[in-house]
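The primary structure of each chain is shown beneath.
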Amino acid sequence: MLIKMFDLIIVGAGLYGSVLAYRAKERGLRVLVLEKRTHVGGNVRDEQREGINVHCYGPHIFHTKYDEVWHFAERFISFNHFRYMPLARYKECLYNLPFNMHTFYQLYGVQTPEEAKIRLEHERLEEGITEPHNLEEKAISLVGRTLYERLIKGYTEKQWGCKATELPSFIIERLPVRFTYDNNYFNDPYQGIPVEGYTLWINKMLDGVEVRLGVDFLHDKWYWLSQCKRLVYSGSVDALYDYQLGELAYRSLRFEDTLYDMENVQGCAVINETDITVPYTRSIEHKHFNFGRQPCSIVTREYPQEWDRTKEAFYPVDNESNRNLYLRYKELNSRMNPKISLGGRLGDYRYYNMDEVIKKALEFELIKKIL
Ligand code: UDP
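The text that follows walks through the structure, step by step, so that each part is easy to find. (Residues numbered from 1 in each chain as written. Predicted model: local features only at pLDDT ≥ 70, side-chain atom pairs only at ≥ 80, totals over all residues. Heavy atoms only, no water.)

What follows deals with the packing of aromatic side chains. Ring pairs (aromatic) are described by centroid distance and by the angle formed between their planes. Tallied over the entire structure, the rule returns 29 aromatic pairs. The interplanar angle of 65° and the centroid separation of 5.1 Å between the aromatic rings of F82 and F289 together place this pair among those described as edge-to-face. Remark: F289 occurs in the loop between β13 (282-285) and β14 (297-306) and F82 occurs in the loop between α2 (67-74) and β6 (87-90); sequence separation between them is 207 residues. No difference in accessibility class separates F82 from F289, as the two residues are buried. Centroid distance Y185 to F186: 5.2 Å. Interplanar angle 90°. Geometry classified as edge-to-face. In this structure, Y185 and F186 share a single accessibility class: buried. Put simply, the rings of F62, W70, F79, Y190, Y198 and W201 touch in pairs and so form one group of aromatic residues. A cation over an aromatic ring shows up here: R301 above the ring of Y280, its NZ or CZ 5.7 Å from the ring centre. Across the ring face of Y243, the terminal group of R309 is positioned such that the distance to the ring centre comes to 3.7 Å. (Phe/Tyr/Trp six-rings, centres within 6.5 Å; stacked < 30°, edge-to-face > 60°. Helix = DSSP H or I, 4+ residues; strand = E, 2+ residues; numbered from the N terminus. Buried < 20%, exposed > 50% of the residue type's maximum accessible area, 1.4 Å probe, protein only. Lys NZ or Arg CZ within 6 Å of the ring centre and 35° of its normal.)

This part takes up the pattern of salt bridges. The tally for this structure, following the rule as stated, stands at 27 salt bridges. With a shortest N-O distance of 3.1 Å, E121 and R124 are connected by a salt bridge. Within this pair, E121 and its partner R124 are both found in helix α4 (residues 113-127), separated by three residues, close to a single helical turn. Taking the relative accessible area as the measure of exposure, R124 reaches 28% and is therefore partly exposed. The shortest N-O distance in the salt bridge between R251 and E306 comes to 3.2 Å. Here R251 is found in strand β11 (residues 250-260), whereas its partner E306 is found in strand β14, with 55 residues between them in sequence. Owing to a relative accessible area of 6%, R251 belongs among the buried residues under this scheme. Each of the salt bridges in this network shares a partner with another, and the network as a whole consists of D7, R30 and K229. (Salt bridge = Lys/Arg side-chain N within 4 Å of Asp/Glu carboxyl O.)

Our next topic: the layout of surface pockets. Of the voids in this model, the second largest pocket is the one considered here, and its volume is about 210 Å³. Together, 14 residues line the second largest pocket, and K330, S341, L342, D348 and K369 are the ones closest to its centre. If you list the elements that add at least two residues to the lining of the second largest pocket, you get α10 (320-336) and β16 (340-342). Split into classes, the residues belonging to the lining of the second largest pocket amount to five nonpolar, four polar and five charged. (1 Å grid on protein atoms, 1.4 Å probe; cavity = no way out; pocket = protein on both sides within 12 Å on 5 of 7 lines; lining within 4 Å. Points joined across faces, edges and corners; volume = space filled by probe spheres on them. Nonpolar A, V, L, I, M, F, W, Y, C, P; charged D, E, K, R; others polar.)

See below:
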């Protein structure tokens, strides 16, 4: 029998692949990581520019409610006390996010939770929505039409490239709605930004693991499969099967960076641009994630764009028809290549946050699947 070179090959050196690689190494498995980009870290990557830690692929704020995920992360890095409190700009006005008493006061003039609830109930009744069927109906029933039209509709339709009525409601349920004056975007008890950056965290997890950069697994799929007992693939499953059942839908992003010769440009880490006529969704002033005091600043504007096969897939468009197509690919995978496991945001085709990706990687039964 041929001796396999590796117990496990992991395709993709993003967060999912790197956590798995660390765990495989910890268990003494012979593991190889293949990464088609020329760097590790996937979309959580950050890098130093002008002394500022720049999030290369959009803002990443680490937050979790899972003790085991937080403690796992803390093995490698420490977090600062950053709390995500973005603003939303609509026309000439700034509003607080997530949707809380500040926002309700700014939009509806209400000052107490009771007044806010009465106002929202009134809006709900006017709309006649009893059972929300899509993102638009869900959003209106949660926060009222005025807030929906100013802070949700434009942003959502830019980000996803379709009508809010065509999107599932769970997307908007990611954002808290609260009746307290609390601008912290997340409800999770643990939150922060890695003091020395995400890339260092990834590098620490991959320390001692063989990583080959600039290698596109799909070019030599059969060769790599012959080299391992088990393979974990964290890329897009439709690409893995050469799109034979059709393309899954994704959204892509484009980033424009501007270097400013001034210390503080916008006064906060992120401003969401919720007006549909502004072509970008967010402007990110990176230094605020780390309370930076450099004399210059870097601001990145994030433009959503159509995905095609030449572009990076950032978000799965997880609606019913795509989910069904994904499940057909998953079934094809277990039939054709039972030794390939799928995982991560793309492999699972799920709108995961970072902590969910880590949780999944920690739950992956490595040894059982390999022996
Ligand atoms: N969203 C919105 N207005 C905002 C921020 C978010 O309507 O100012 C909606 C939008 O549909 C988005 C979803 O809420 O896709 C989830 O937002 P989140 O901040 O979780 O997006 P991410 O940080 O993952 O890009």
